[in-house]
Amino acid sequence: MDLSNLLSGLGGAEGGADPAKMIGGVQEVFASQGGVDGLLAKLRAGGLGPQVDSWVSTGSNEPVEPAKLGSALGPDTVNQLATKTGISIQTLLPMLAAFLPMIIDHLTPHGQAPKPGEAANNPDLGGLLGGLLGGGGLGGILGGG
């Protein structure tokens, strides 16, 4: 999946959706699930264990189908995120399916998820996603993507 097409779609397909809203929405998902650890647990419980484990590990990231990601997150979380970001669910889920593996991979550089109570468990995604969405490119943030 081509991230640059997804990112350019933020401004066009959604009538000028604000990338900062996407950052805030994803940050809110982490917070509402109890941080990185809680979100990983929810995704594993939702049937995405092998994918999540690949994102946390130091190997390559397995892709996730947008519909399966939406199902694992649950309709309440997905609807809340769509409302918060102003991005339709049809656009939002493919974006999340592209971003979330990279975000989790970046937040677990040594193959270990942060523990509850650690500062890293509730990361500030503004810098990470801001670079992605603000034109900083994947190379500088995620070592070449």
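The numbering scheme is per chain: residues are counted from 1 as the chain's sequence reads. Selection of residues for local features in this predicted model requires a pLDDT of at least 70, selection of side-chain atom pairs for listing and counting requires 80 or more, and totals for whole chains, interfaces and linings are taken over all residues. Computation of side-chain values covers all heavy atoms of the structure but excludes hydrogens and water.

Undergrad: Give me the nonpolar core: which residues, what numbers.
TA: Counting residues in hydrophobic clusters, the biggest one holds 32 residues, and the most contacted among them are Met-22, Phe-30, Leu-43, Leu-69, Leu-96, Leu-100 and Ile-104. Working definition: helices are DSSP H or I runs of at least four residues, strands are E runs of at least two. Numbering for both runs from the N terminus. Listing elements by their share of this core, those giving two or more residues are helix H2 (19-32), helix H3 (35-56), helix H4 (66-73), helix H5 (75-85) and helix H6 (89-107). Sort the elements by how many residues they give to this core and H6 lands first, with 11 residues. We call a set of buried residues a nonpolar core when its members are Ala, Val, Leu, Ile, Met, Phe, Trp, Tyr or Cys and they connect through side-chain atoms within 4.5 Å of each other. Exposed residues in this analysis have more than 50% of their type's maximum accessible area, buried residues have under 20%, and partly exposed residues fall in between, with area computed by a 1.4 Å probe over protein chains only.

Undergrad: Please set out the confidence of the model for the protein chain residue by residue, giving values where relevant.
TA: Per residue, pLDDT captures the predictor's confidence, and it can take any value from 0 to 100. Scored by pLDDT, the protein chain has a mean of 78; 73% of the residues are at 70 or more. Note that pLDDT drops below 50 for residues 135-145; the model gives that stretch 19 contacts with residues more than four away or on any other chain. Contact criterion: two residues are considered in contact whenever any of their non-hydrogen atoms come within 4.5 Å of each other.

Undergrad: With reference to specific residues and values, describe H3.
TA: By this rule the span expected of a helix is its residue count minus one, scaled by 1.5 Å. Given a rise of 1.5 Å per residue, 22 residues ought to cover 32 Å, yet the end C-alpha atoms of H3 are separated by just 14 Å, more than 12% below that figure. The reported bend at a residue is simply the angle between two axes, fitted to the 7 residues ending at it and to the 7 residues beginning with it. Considering bend angle alone, the principal kink of H3 is centred on Leu-48 and spans about 135 degrees; proline Pro-50 follows within four residues of it.

Undergrad: Can you break down H5 residue by residue, with the values?
TA: Those residues of H5 that sit buried are Thr-77, Val-78, Leu-81, Ala-82 and Thr-85. The buried residues of H5 occupy an angular sector of 130 degrees when projected down its axis, which confines them to one face. Structural note: H5 exposes Pro-75, Asp-76 and Thr-83 on the side pointing more than 90 degrees away from its buried face. Gly-86 sits one or two positions beyond H5 and adopts a positive phi of about 75 degrees. Arc definition: it is the arc formed by the directions from the helix axis to the C-beta atoms.

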